[in-house]
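Structural features, examined
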Amino acid sequence: MTDRILIVEDEQITAEDLAEVLKGLGYEVSGVVTSGVEAIREVEKSQPDLMLMDIRIKGDMDGAETARTLRDRFDVPVVYLTAHADRDTLERAKHSRPMGYIVKPFHESELHASLEIALSKHRHDRSSWKRQQHVADVFGTLLLGVISVDQTETVRMMNRAAENLTGWSNEEAAGTPVKQVFRVADKTTGNEVELPIAEALQRRSLVDIRDRFLMAKGGDLKAISGNIAPLRGSDGGPGGVVIMFETGPAEPQVPDVSPKVIQQGNGHAFEFGRFRIVAASELMKQVLSFALRVAKSEATTVLLEGESGTGKDLLAQIVHYSSSRRAGPFVALNCSALPEALLESELFGREAGAYTDARTQKKGLLEVARGGTLFLDEVGDLSPAVQAKFLRVLEQQSFRRLGGVQEIEVDLRVIAATNRDLSDAVQSGAFRLDLFHRLSVIQIATPPLREHPEDILPLAKYFVQEYNRRYKAHIKGISAPTVKILNAYHWPGNARELRNVIERAMLLEDTDMLRPNSIQFASARAPRGPSHPVPPRVHTAPTDLSLKNSERTLIVQALEKVGGNKTRAAALLGVSRDILRHRMKKLKLLENR
Ligand SMILES: Nc1ncnc2c1ncn2[C@@H]1O[C@H](COP(=O)(O)OP(=O)(O)OP(=O)(O)O)[C@@H](O)[C@H]1O
Ligand SMILES: [Mg+2]
């Protein structure tokens, strides 16, 4: 097939000569134009194989600009034919990545050779580009996620599966450090861990990715497995790596839960992913280790019993996130918070038309929690009707939506919690015995703080560190007299009350140690113990313990502490400035304007 050449030249005589020469050399001249605009129009129309272009042409666009546009838009290569070879012109011509540059006057044979080389080079480029495109297409169809990474551990490219799994687009990811794009956590501890890329590079062999969660961009955790393969660089040295991965194994293995001990609360705090729990006393250690064994077991129902504030919520989440169901959802429902009808529809979902106002179908939490854990808080408050329905779910492992006929299978673990003695409720007839039996196959009792006072100080220190971080405060510790007071108190509100006391003390404290003056107990009851070491209250001890009054006191104290600056007071109180203003208006601390 004859190659077709477009001539872009504003000198008519030269153009005509050229056309003759080209024809003589066996090419077809697809057109002769004199300006950039015409050239674009002509290329669009006749799609030549090459353009022979003068640099100075008619119109606003010069040859270099025209060539660049056409190269980007239509991939038509250009050979310049010009009388100008000054530095400037040459520089500008380079930007259009020309296939040749001939300075007039030229020899016919020189022109011929240049055109032939340009055409063959372009054909070669095009076919290698097509090959690349083909490889990219093949990669695109793979279900395996593929990410190529250079030696500086920066992403070069990834395929569609990797885009879907990581939540990053190829464009966003390219040029970004791989540890931002491909974040992984250990499956048993939930802690983020490094990818063994350096290891793959060093060992020059495949390294497995096992027991890992991929932390996708939207926050999803996906169990993945795969490997990292080293690439050889063009110089024979290491050239980066390719990460290949897929979701699965579909059924996550029962993890070997080995909690990480952290240096908080004197090294008595244990970390499970984002959850931390203090267990310094033998009693709490036993509770925790039992909970972890339950987590790993096949038990589908667990009952958490303990007074308010003893850590039932916390333990329920630790059980979930240390179990083989951790990749599934953790869904919590407080049984006392909703009226019966609403609770029922939350739990079981409903079909469209189940009520007059139910236009759409709604999934129940039993479905939402599929593959994960359903946490039923204050289970003792379930109404008799819902108790009966729920018992049926536990027995049959399936349920129907309200107004539905189809049986939906449930695959979940139920953790129920109660802060009152459920057996009392059974005695009084408020709670069904059969449901109680069903739920209480495995019971975990969270003990009240007064039964494990060894945890008071470690917990207090742990909360100090937590609020130091949250409020950007710098409390170094707890003074000896304060420790005494904390240890002597009977803590009716348990760990939650201790948390609140520490939080409030940190807001009130002016020095870098928590001193007795900043400690205020919510409970008016006398402290435990015969020695009565609590000093008389000096510091604005609230006689009116109403929520409103306590709030007012806290706000006033925060404002005093920061010289009336509302923004800083809001930060101290952990609320937005708007919320603070709103509360101040309500409490009449600020005029309504
Ligand atoms: N051992 C612990 N280590 C660290 N923090 C704890 C511990 N126990 C409780 N807490 C903290 O105390 C607070 C109250 O705990 P949680 O909400 O789990 O109690 P609860 O038993 O569910 O209370 P309620 O019965 O009122 O719902 C939470 O902020 C929790 O993080
Ligand atoms: Mg709770």
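Residues numbered from 1 in each chain as written. Chains lettered and ligands numbered in written order. Predicted model: local features only at pLDDT ≥ 70, side-chain atom pairs only at ≥ 80, totals over all residues. Heavy atoms only, no water.

1. Describing the overall build of the chain
As a reminder, the rule being used: Here a helix means four or more residues in a row that DSSP labels H or I, a strand means two or more in a row labelled E, and each is numbered from the N terminus. Only C-alpha atoms enter the radius of gyration; for comparison, a globular chain is expected to reach 2.2 Å times N to the power 0.38, where N is the number of residues. Relative accessibility under 20% of the residue-type maximum defines a buried residue, over 50% an exposed one, and the middle range a partly exposed one, all with a 1.4 Å probe and only protein chains included. Contacts were defined at the residue level, with two residues in contact if any of their heavy atoms lie within 4.5 Å. Residue exposure ignores everything except the shown protein chains as possible cover, and the areas themselves are Shrake-Rupley values with a 1.4 Å probe. We count Lys and Arg on the positive side and Asp and Glu on the negative side, and we leave His and both chain ends out. Taken as the charge centre is NZ of Lys, CZ of Arg, CG of Asp or CD of Glu, depending on the residue.
Along the backbone of the chain there are 22 helices and 26 strands. By the compact-globule yardstick of 25 Å for 593 residues, the chain is too spread out, its C-alpha radius of gyration being 37 Å. Per-residue burial for the chain yields a buried fraction of 47% across its 593 residues. A sequence separation of at least 24 residues applies to 62% of the contacts in the chain between residues at least 6 apart. Carbon and sulfur atoms make up 51% of the accessible area of the chain, which amounts to about 30500 Å² in all. Here the chain holds 79 positive side-chain charges and 78 negative ones, and the gap between their average locations is 8 Å.

2. Focus on the sheet that holds strand β17 (residues 330-334)
What counts, and what does not: Here a strand pair is declared whenever DSSP counts at least two bridges between the two strands. In this analysis an axis means a line fitted to C-alpha atoms, helices contributing only their contacting stretch, and an angle means the value between N-to-C directions, from 0 to 180 degrees.
Strand order in the open sheet formed by five strands is β17-β20-β23-β16-β24, with parallel pairing between adjacent strands. Strands with a single pairing partner mark the edges of an open sheet, and in this sheet they are β17 and β24 (443-446). With strand direction ignored, the average angle separating the axes of adjacent strands in the sheet is 20°. Note that strand β20 (residues 373-377) and strand β23 (residues 413-418) share four bridges and pair parallel. Following the sheet pairing, L376 is matched in β23 by A416.

3. Let's talk about the environment of A216
Mapped onto the fold, A216 is located in the loop between β10 (207-215) and β11 (221-232). For the pair A216 and E163, spaced 53 residues apart in sequence, the C-alpha to C-alpha distance is 9.8 Å. Dropping the residues within four chain positions of it, A216 is found in contact with L165, T166 and K222.

4. Overview of the site of ligand 1
We count it as follows: What makes a residue near a molecule or strand is one non-hydrogen atom of that residue sitting within 4 Å of it. Nonpolar residues are Ala, Val, Leu, Ile, Met, Phe, Trp, Tyr, Cys and Pro. Charged residues are Asp, Glu, Lys and Arg, and all others, Gly as well, are polar.
In the neighbourhood of ligand 1, 18 residues make up the surrounding shell, with V278, S308, K312, D313 and R499 lying closest. Bound to the protein, ligand 1 loses 87% of the 630 Å² it would expose on its own. When residues of the shell around ligand 1 are traced back to their parent elements, those giving at least two are β15 (275-278), α11 (312-321), α17 (456-471) and α19 (494-508). Among the residues making up the shell around ligand 1, the classes are represented as eight nonpolar, five polar and five charged.

5. Side note on the packing of aromatic side chains
For clarity, the cut-off: For Phe, Tyr and Trp, rings pair up if their centres lie within 6.5 Å, where Trp contributes its six-membered ring, and each pair is then called stacked (planes under 30 degrees apart), edge-to-face (over 60) or tilted (otherwise).
All told, the structure shown has eleven aromatic pairs when counted by the stated rule. Aromatic pair F275 and Y321: ring centres 5.2 Å apart, planes at 25°, arrangement stacked. Of the two residues, F275 is situated in strand β15 and Y321 in helix α11; the sequence distance between them amounts to 46 residues. Judged by its relative accessible area of 9%, F275 is buried. Ring centres of Y462 and F463 lie 5.5 Å apart, and the angle between their planes is 55°; this geometry places the pair in the tilted category. Across this residue pair, the class does not change: Y462 and F463 are buried.

6. Looking at the sheet that holds strand β8 (residues 183-186)
A sheet is described by the order of its strands in space; here seven strands give the open sequence β7-β6-β12-β11-β10-β8-β9, paired in antiparallel fashion. The open sheet has two edge strands, β7 (155-158) and β9 (192-193), and neither has a second partner. Inspection of the sheet shows β11 paired to strand β12 (residues 238-247) by eight bridges, in the antiparallel sense. Across the sheet, the residue bridging to P230 is V241, located in β12.

7. Quick look at the pattern of salt bridges
A side chain with one charge can pair with a side chain of the opposite charge if their charged atoms come near. The criterion, for reference: Any carboxyl oxygen of Asp or Glu that lies within 4 Å of a side-chain nitrogen of Lys or Arg is treated as forming a salt bridge with it.
Evaluation of the coordinates by the stated rule reveals 29 salt bridges. With its nearest N and O atoms 2.3 Å apart, the salt bridge here joins R276 to E271. E271 sits in the buried class, given a relative accessible area of 6%. A salt bridge links D411 to R325, with the nearest nitrogen and oxygen atoms 2.9 Å apart. Placement of D411 in the loop between β22 (408-409) and β23 and of R325 in the loop between α11 and β17 is noted, with a sequence separation of 86 residues between them. Salt bridges linked by common partners bring E9, D54 and K104 together as one network.

8. Looking at the packing of α17 against α19
Under the convention used in this document: Should an angle fall under 35 degrees it is called roughly parallel, over 145 degrees roughly antiparallel, and 65 to 115 degrees roughly perpendicular, with every other angle called oblique. If you view the pair so one helix is near and one far, a crossing is left-handed when the near helix is turned anticlockwise from the far one by less than a right angle, and right-handed when it is turned clockwise.
With their axes 9 Å apart at the nearest point, α17 and α19 run at an angle of 50° to one another. Between α17 and α19, the interaxial angle falls into the category oblique. α19 is crossed by α17, and the crossing has right-handed handedness. In this structure, α17 uses I456, L459, A460, F463, V464, E466, Y467, N468, R470 and Y471 to contact α19, whose residues at the interface are A495, L498, R499, I502, E503, M506 and L507.

9. Looking at the packing of helix α21 (residues 566-573) against helix α22 (residues 577-586)
How two helices sit against one another is set out by the angle between their axes and by the gap between those axes. Viewed as axis vectors pointing N to C, α21 and α22 meet at an angle of 95°, and their least axial separation amounts to 8 Å. Classed by the angle they form, the pair α21 and α22 counts as roughly perpendicular. Contact with α21, carried on its side by K566, T567, A569, A570 and L573, involves R577, L580, R581 and M584 of α22 and no other residues of that element. Broken down by class, the residue content of the contact of α21 with α22 amounts to five nonpolar, one polar and three charged.

10. Describing the environment of K94
In plain terms, the rule: Between N or O atoms, a polar contact is any pair within 3.5 Å; within protein, one atom must be a potential hydrogen donor and the other a potential acceptor, and residues adjacent in sequence are included only when both atoms are from side chains.
Examined against the element boundaries, K94 turns out to sit in helix α4 (residues 87-94). By relative accessible area, K94 is classed as exposed at 52%. Sequence separation between K94 and A64 is 30 residues, and the spatial gap between their C-alpha atoms is 8.2 Å. Of the polar contacts made by the side chain of K94, one reaches the side chain of E91; its length is 3.2 Å.

11. Topic: unusual backbone geometry
Put simply, K104 and P105 share a cis peptide bond, and its omega is -5°. With respect to the helices and strands, P105 occurs in the loop between β5 (100-103) and α5 (108-141). We note that D211 has phi near 50°; this positive angle belongs to a residue other than glycine. The topology assignment puts D211 in strand β10. For D211, a relative accessible area of 42% puts it in the partly exposed group. With a phi close to 50°, K472 is a non-glycine residue in the positive phi region. For K472, the location among the structural elements is in the loop between α17 and β25 (477-478).

12. A closer look at the side chain of N494
The topology assignment puts N494 in helix α19. You can call N494 buried: its relative accessible area is 0%. Reaching out from N494, the side chain makes a polar contact with the side chain of E307 at a distance of 3.2 Å. The residues contacting N494, other than those within four sequence positions of it, are E307, S308, G309, T310, P448 and L449.

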